[in-house]
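Listed below, chain by chain, are the residues.
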Amino acid sequence: MKRVIKLVITISAIAIIFSIESSAQIKEINSTDKKPAAPIIVNGETQIVPEFKDPDMWIRHDLWVETEFDSDGDGKLDRMHVDVTRPRQTDITVS
Ligand SMILES: [Ca+2]
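Residues numbered from 1 in each chain as written. Predicted model: local features only at pLDDT ≥ 70, side-chain atom pairs only at ≥ 80, totals over all residues.

Observations regarding the overall build of the chain
And step 1. The helix and strand inventory of the chain stands at one helix and four strands.
And step 2. Going from the N terminus to the C terminus, the chain shows its helices and strands as α-β-β-β-β.
And step 3. In the chain, which comprises 95 residues, the share counted as buried stands at 0%.
And step 4. Long-range contacts, defined here as pairs at least 24 residues apart, represent 51% of the contacts in the chain between residues at least 6 apart. (Helix = DSSP H or I, 4+ residues; strand = E, 2+ residues; numbered from the N terminus. Buried ≥ 20, exposed ≤ 12 C-beta atoms within 10 Å, placed from the backbone. Contact = placed C-beta atoms within 7 Å.)

Printed below as a string of structure tokens:
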């Protein structure tokens, strides 16, 4: 059970890192674009954002992340695969 909790914490940490990075990048875009894409929420449910509807405009990452636990007991920290999909508007460099 501790391993599952650690895994959830690790995945959450990764999500937070990407969220912080994306937020900084979105702020950069907001300063140059007139109308940036934004989440659409109707009756408490997120909706499809037209600007993100085209999968050709998505950026995908296949990542391997080292965990802080050794679930198989081989003496090495486990690695887990993480798929990340993000909108293209987050793909700019923040200085
Ligand atoms: Ca291991």
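Resuming the write-up.
What to know about the confidence of the model for the chain
Close reading of the predicted structure is inappropriate where its pLDDT is low.
And step 1. When pLDDT is averaged across the chain, the result is 78; 61% of the residues are at 70 or more.
And step 2. The spread of mean pLDDT over the elements of the chain runs between helix α1 (residues 2-32), the lowest at 57, and strand β1 (residues 41-42), the highest at 96. (pLDDT = per-residue confidence, 0-100.)

Some details on the environment of P39
And step 1. On the secondary structure map, P39 appears in the loop between α1 and β1.
And step 2. Here the alpha-carbon distance between P39 and P50, two residues eleven residues apart in the chain, equals 9.9 Å.
And step 3. Not counting chain neighbours up to four residues away, the residues in contact with P39 comprise T46 and V49.

Re the pairing of strand β3 (residues 58-66)
And step 1. Among the nine residues that make up β3, zero are buried, leaving the element largely open to the surroundings.
And step 2. Pairing between β3 and strand β4 (residues 79-87): nine bridges, direction antiparallel. Counterpart to I59 in the pairing with β4 is R86. (Pairing = 2+ DSSP bridges.)

Some words on the environment of D91
And step 1. Structurally, D91 is set in the segment after β4.
And step 2. Expressed as a C-alpha distance, the spacing of D91 and I59, which sit 32 residues apart in the sequence, is 8.0 Å.

Looking at unusual backbone geometry
And step 1. Positive phi values are uncommon outside glycine, yet N43 reaches one of about 50°.
And step 2. Within the secondary structure, N43 sits in the loop between β1 and β2 (45-46).

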